[in-house]
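# Observations on chain architecture
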Amino acid sequence: MPGKPFSSQIKKMSKKPLKYNPEVVTVVKVNMAQDVFDFAIDTATTSLRKFKKEDEPGMAKHCVDKFNAEFGEHWMSVVGDNFGIAVNHEGNFAHFHMGPKEFVIYKAA
């Protein structure tokens, strides 16, 4: 799924359009600053390399630990395949596909 169908949604949610490689990342919904989104992409990339594809809880914990260390506490993460999610967040929310997995990373409200 290419990243283009969601570009108008990203523009509405962000003050500036986010930059990312649509060949690597397919954005579902993002509401966070570019530097935080870049950190999310880097963290997701690391978790895909570090854990087996079946270890989704390990990937999610890795993302939470990295975000809590970098940006303070109360970050949450869900990693899996083909799921929907509705959460309350503090304006920091990212839902994207990378490789074989979907990632949701957000700061809990």
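Definitions and cut-offs
Residues numbered from 1 in each chain as written. Predicted model: local features only at pLDDT ≥ 70, side-chain atom pairs only at ≥ 80, totals over all residues. Heavy atoms only, no water. Helix = DSSP H or I, 4+ residues; strand = E, 2+ residues; numbered from the N terminus. Buried < 20%, exposed > 50% of the residue type's maximum accessible area, 1.4 Å probe, protein only. Contact = heavy atoms within 4.5 Å. Areas by Shrake-Rupley, 256 points an atom, 1.4 Å probe, with all protein chains shown as cover. Expected span 1.5 Å × (residues − 1). Salt bridge = Lys/Arg side-chain N within 4 Å of Asp/Glu carboxyl O.

For the rest of this paragraph, the subject is the overall build of the chain. Within the chain, the regular secondary structure consists of 3 helices and 4 strands. Taken from N to C terminus, the helices and strands of the chain fall in the order α-β-α-α-β-β-β. Relative to its full complement of 109 residues, the chain shows a buried share of 39%. Long-range pairs, those at least 24 residues apart, make up 46% of the contacts in the chain with a sequence separation of at least 6. A total of about 6500 Å² of accessible surface is found on the chain, and carbon and sulfur atoms cover 52% of it.

This paragraph deals with helix α2 (residues 34–50). An α-helix turns once every 3.6 residues. As a result, residues three or four positions apart point the same way. Along its 17 residues, α2 runs 24 Å from first to last C-alpha, staying within 8% of the 24 Å computed at 1.5 Å per residue. All of the buried residues along α2 are V36, F37, F39, A40, I41, T43, A44 and S47. Looking at the buried positions of α2, the neighbouring elements they touch are β1 (25–31), α3 (56–71), β2 (75–80), β3 (89–98) and β4 (101–108).

Before going further, it helps to spend a moment on the pattern of salt bridges. Should their charged atoms come close, side chains of opposite charge can pair. Scanning the model with the defined rule gives 3 salt bridges in all. With a shortest N-O distance of 2.5 Å, E56 and K101 are connected by a salt bridge. Highlighted residues: E56 in helix α3 and K101 in strand β4, separated in sequence by 45 residues. Between D81 and K101 there is a salt bridge whose closest N-O contact spans 3.3 Å. With D81 in the loop between β2 and β3 and K101 in strand β4, this residue pair connects regions lying 20 residues apart in the sequence. The class of K101 is buried, set by a relative accessible area of 5%.

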